[in-house]
Amino acid sequence: MKTFMAKTEEAERQWWVVDAADQRVGRLATTIATLLRGKHKPTFTPHADAGDFVVVINTDKLQMTGDKLNVKKYFRHSRFFGSLKEKTAAQMQAEDSTFIIHEAVRGMLPTNKLSRDLMKKMKLFKGAEHTHSAQKPQAYALPKKK
C-alpha cells in the first residue's frame, strides 16, 4: 500500500466566507488556520499547500474575553534605539481591526515559506461587504459559543 501525498498543483480549492461578528479571536483564528492549511480535508499533506481560500468579514466586531482589550499589547520595532512602539488591543481594533486576526492566524501557522503563501489566501474585510463575490464563496458554519 502506498501513502498518498497531495501536490500543490492538484489541490481542489474552495472559497469560504467566515463571519467574525461576535466571535472570540483565538477560536476564530484556529478555524481559519485549519481551513488555510487544508487540515479539514482527507487529502491533508503537511508540506503541500492544499488548503482553501478564506474571506473574513466583520473583523471590527471581534470579541476578546476578560480584560484583553486593555491588557493585551501589540509591539513593533524598527531596530533603531528607542523606536519600540506599543498599542493595546482596543487601540488596534479602533485603528485596524484586520491586524488582530491577521496576527492571530499568522501565529497559528508553521514558521516557514509555506505559511507566507497560506497567508496570501486569507482576505480580511472590516465590514460585511467583500470584493470576492465572483469566486462564489460559501458561508462557513462556525461552532456555536458556549
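Here, every reference points to the structure presented above.
A few points on the structure. (Residues numbered from 1 in each chain as written. Predicted model: local features only at pLDDT ≥ 70, side-chain atom pairs only at ≥ 80, totals over all residues. Heavy atoms only, no water.)

1. Quick look at the side chain of Asn58
Tracing the sequence through the fold places Asn58 in the loop between strand 2 (53-57) and helix 2 (68-71). Side chain to side chain, Asn58 and Asp19 meet in a polar contact 2.7 Å long. Setting aside its immediate chain neighbours within four residues, Asn58 contacts Asp19, Ala20, Ala21, Phe125, Lys126, Gly127 and Ala128. (Helix = DSSP H or I, 4+ residues; strand = E, 2+ residues; numbered from the N terminus. Polar contact = N/O pair within 3.5 Å; in protein donor to acceptor, adjacent residues only side chain to side chain. Contact = heavy atoms within 4.5 Å.)

2. Considering the nonpolar core
A general trend in soluble globular proteins is that nonpolar side chains are found buried together. Counting residues in each nonpolar core, the largest one holds 28 residues, and the members touching the most others are Leu28, Ile32, Ile101, Val105 and Met122. Secondary structure elements with two or more residues in this core: strand 1 (15-19), helix 1 (25-37), strand 2, helix 3 (89-95), helix 4 (97-108), helix 5 (113-119) and strand 5 (122-124). Top element by residues in this core is helix 1. It accounts for 7 residues. Sequence-distant contacts of Met122, defined by excluding residues within four places in its chain, comprise Ile32, Leu36, Val54, Val56, His102 and Val105. If you look at the next biggest cluster of nonpolar residues, it comprises 6 residues, including Trp15, Val55, Ile57 and Phe125. (Core = buried A, V, L, I, M, F, W, Y, C linked by side-chain atoms within 4.5 Å. Buried < 20%, exposed > 50% of the residue type's maximum accessible area, 1.4 Å probe, protein only.)

3. Details of unusual backbone geometry
Despite not being glycine, Arg79 has its phi angle at roughly 75°, a positive value. Along the polypeptide, Arg79 turns up in the loop between strand 3 (73-76) and strand 4 (85-88). Of note in the backbone geometry, Lys136 takes a positive phi value of approximately 55° without being a glycine. Inspection of the secondary structure puts Lys136 in the loop between strand 5 and strand 6 (138-139). Taking the relative accessible area as the measure of exposure, Lys136 reaches 68% and is therefore exposed.

4. Looking at helix 4
If you check which residues of helix 4 are buried, you get Ser97, Thr98, Ile100, Ile101, Ala104 and Val105. Burial along helix 4 is one-sided: seen end-on, the buried residues are contained in an arc of 160°. Residues of helix 4 that are buried in the fold lie against helix 1, strand 3, helix 3, helix 5 and strand 5. (Arc of directions from axis to C-beta.)

Geometric descriptors of this kind do not, in isolation, establish any biological role.
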